[in-house]
Amino acid sequence: MRHALIALAFLVTSATATAQEPRAVTVASGLQNAWGLAFLPDGRMLVTERAGRLRIVQPDGRVGEPVAGLPRIAVGGQGGLLDVAVDPKFADNALVYWSFSEPATTGDGGNSTAVARGKLEGNRLSGVQVIFRQSPKVSSNLHFGSRLVFARDGRLFITLGDRFNRSDDAQTLDTHHGKIVRIEPDGRVPADNPFAGRAGALPEIWSYGHRNLQGAALHPQTGELWAHEHGPQGGDELNTVAAGKNHGWPVITYGRMYGTGFRIGDGTERADVVAPLTHWIPSIAPSGMAFLTSERYPGWKGNLFIGALRGTMLVRLELDGNKVAKEHRLLKPLGERIRDVRQGPDGWLYLLTDSSNGRVIRLEP
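The sections below set out a description of the structure shown in this document. Not measured: the values here are computed from a predicted model.

With respect to the packing of aromatic side chains
Going through the model one piece at a time under the given rule, you end up with eight aromatic pairs. Here the aromatic rings of Phe 157 and Trp 206 are separated by 5.4 Å at their centres, their planes lie at 65 degrees, and the arrangement is edge-to-face. Taken together, the residues span a long stretch of sequence, with Phe 157 in strand β10 (residues 156-159) and Trp 206 in strand β12 (residues 205-208) at a distance of 49 residues. No difference in accessibility class separates Phe 157 from Trp 206, as the two residues are buried.

Some thoughts on the nonpolar core
Grouped together as the largest cluster of nonpolar side chains are 27 residues, with contacts concentrated most on Met 45, Val 47, Leu 314, Val 341, Leu 351 and Val 360. Those elements giving two or more residues to this core turn out to be β1 (23-31), β2 (34-39), β3 (45-49), β21 (338-343), β22 (349-353) and β23 (358-364). Core analysis: the next-biggest nonpolar cluster, separate from the first, contains 19 residues, Leu 46, Ile 73, Val 96 and Trp 98 among them.

Observations concerning the side chain of Arg 163
For Arg 163, the position within the fold is in the loop between β10 and β11 (179-183). Buried charge Arg 163 goes without a salt bridge, the closest partner of opposite sign being Asp 162 at 6.9 Å. A distance of 2.7 Å separates a polar side-chain atom of Arg 163 from the backbone oxygen of Ser 140. Of note is the side chain of Arg 163, whose polar atom sits 3.1 Å from the backbone oxygen of Leu 142. Setting aside chain neighbours within four positions, we find Arg 163 in contact with Asn 111, Ser 112, Gln 134, Val 138, Ser 140, Asn 141, Leu 142, His 143, Phe 144 and His 177.

Details of the pairing of strand β19 (residues 313-320)
In the sheet, strand β18 (residues 304-308) pairs with β19 via five bridges, with the strands oriented antiparallel. The residue bridging Ile 306 from the neighbouring strand is Val 315, located in β19. Between the antiparallel neighbours β18 and β19 lie four residues, among them Thr 312 with a positive phi of about 40 degrees. Pairing of β19 with strand β20 (residues 323-330), which is carried by seven bridges, proceeds in the antiparallel orientation. Paired with Leu 317 across the bridge in β20 is Glu 327.

As for empty space enclosed by the protein
Using the criterion set out here, one finds one cavity of 30 Å³ or more in the structure. Taken as a whole, the largest cavity spans an internal volume of roughly 60 Å³. Surrounding the largest cavity, Arg 211, Glu 229, His 230, Gly 231, Pro 232, Gly 235, Glu 237, His 247, Trp 249, Ile 252, Thr 253 and Gly 255 form its lining. Of the residues assigned to the lining of the largest cavity, the class counts are three nonpolar, six polar and three charged.

Describing the pattern of salt bridges
Side-chain pairs of opposite charge can arise where the charged atoms are in close proximity. On inspection of all chains with the given rule, the structure shows 26 salt bridges. Here Asp 272 makes a salt bridge to Arg 270, at a shortest N to O gap of 2.7 Å. Assessed through its relative accessible area of 45%, Asp 272 is described here as partly exposed. You can call Arg 270 partly exposed: its relative accessible area is 37%.

Quick look at the sheet that holds β11
Reading across from one edge, β9-β10-β11-β12 is the order of the four strands in this open sheet, with antiparallel pairing throughout. Where the open sheet ends on each side, the last strands, each with one partner, are β9 (148-150) and β12. The average undirected angle you get between the axes of adjacent strands in this sheet is 20 degrees. Relative to β11, β10 is paired through four bridges, and the arrangement is antiparallel.

Cut-offs and rules
Counting restarts for each chain: residues are numbered from 1 in the order of the written sequence. In keeping with the predicted nature of the model, local features appear solely for residues at pLDDT of at least 70, side-chain atom pairs appear and are counted solely at 80 or more, and the whole-chain, interface and lining totals rest on all residues. Excluded from the side-chain calculations are hydrogens and water; all other atoms, namely the structure's heavy atoms, are used. Only centres within 6.5 Å qualify two rings of Phe, Tyr or Trp (six-membered ring in Trp) as a pair; their planes then separate them into stacked at under 30 degrees, edge-to-face at over 60, and tilted for everything else. Secondary structure counts use DSSP, requiring at least four H or I residues in a row for a helix and at least two E residues in a row for a strand, with both numbered from the N terminus. Burial here depends on accessible area, computed with a 1.4 Å probe over protein chains only, as a share of the maximum for the residue type. Under 20% is buried, over 50% is exposed, and the range in between is partly exposed. For our purposes a nonpolar core is just a set of buried Ala, Val, Leu, Ile, Met, Phe, Trp, Tyr and Cys residues, chained together by side-chain atoms within 4.5 Å. When charges are tallied, Lys and Arg are placed among the positive residues and Asp and Glu among the negative ones, while His and the ends of the chain are skipped. Note on definitions: salt bridges are taken to be side-chain nitrogens of Lys or Arg within 4 Å of carboxyl oxygens of Asp or Glu. Under this definition, polar contacts are N or O atom pairs within 3.5 Å; protein pairs additionally need one hydrogen-donor-capable and one acceptor-capable atom, and for neighbouring residues in sequence, both atoms have to be side-chain atoms. Contact definition: two residues touch when any of their heavy atoms are within 4.5 Å. Think of it this way: DSSP has to see at least two bridges between two strands before they count as a pair. Only protein atoms enter the 1 Å grid used here, on which a cavity is any set of points holding a 1.4 Å probe that cannot leave and a pocket is any open set flanked by protein within 12 Å on both sides along at least five of seven lines; residues with an atom within 4 Å of a point are listed as lining. Grid points are joined across faces, edges and corners, and a volume is the space filled by probe spheres set on the points. As a working rule, the residues Ala, Val, Leu, Ile, Met, Phe, Trp, Tyr, Cys and Pro are called nonpolar, Asp, Glu, Lys and Arg charged, and the rest polar, with Gly in that last group. The axes used here are C-alpha line fits, helices contributing only the stretch in contact, and every angle between their N-to-C directions lies in the interval 0 to 180 degrees.

Given below as structure tokens:
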């Protein structure tokens, strides 16, 4: 009898766990290494493919032909067409922004993360202009970043990787490597940027000491920028990002050396370095994130959702102010790398999977 009761309790617990696991509904498929997702006001989706294609996906899942008008893109390794964002005033100006790895135009070679914008007219971009170029260009196919986030005041945040072999640059202010920058939508530098006017500092820099940031979002209540970044073998971080602050890499970090697992740098804390809200050892390789503001999922409003590449899952974080109260790991049975996470205009969460046959997934209770 006792064994029967234990078995019954196990079945009830398993059924409850299954009921709480969200359902992954395929909206669109056939996308090659999808990287960024943004919603147009009418519900259509813009999806980037790292191979250098931007596509419009209809609400019913139909995937359009590549959008014409993109500039030349350096595709290779982690480089290619990356994030995409829609201007907050899109209804008036039809502007779309995208980040990409830009090849050098001179004989010096190399590449860097760049951001361009253009007017979306049907299935074509017109008036395309590059509004930001990471400096300097280097020969590397790694650690481009990058996410694009519009602040409430209309300024644009761009997250930038350290380019892997230039990690020490993350602690200097004379390069864009390992930085978050803040610009006007046309590329001008806001006069109130923290390093504007400082000798030897690039005026676009908003924060520094970052490694490879592939997720960023505005907190829905405070308007603060939150961002996460990849550690090497461990030490992925989730941070609140403030003007002029140092986030430590590669000196103050939870990061671990590839292969050996040895600690990197001088420790995990220093008075002048922003401490992460949470970190992951071993690495989950976070990518893409979104705050849930809708009522679609009972009990989840206000939670933060983060995609994971190496972890092949969706991480749900319960928050208590600026503290992580609890972590939940979802969708492990999918076994797919989740590259981006967005809340749609319908209140549902949408995910991008990163594979040769990538999908747009809608998360349903």
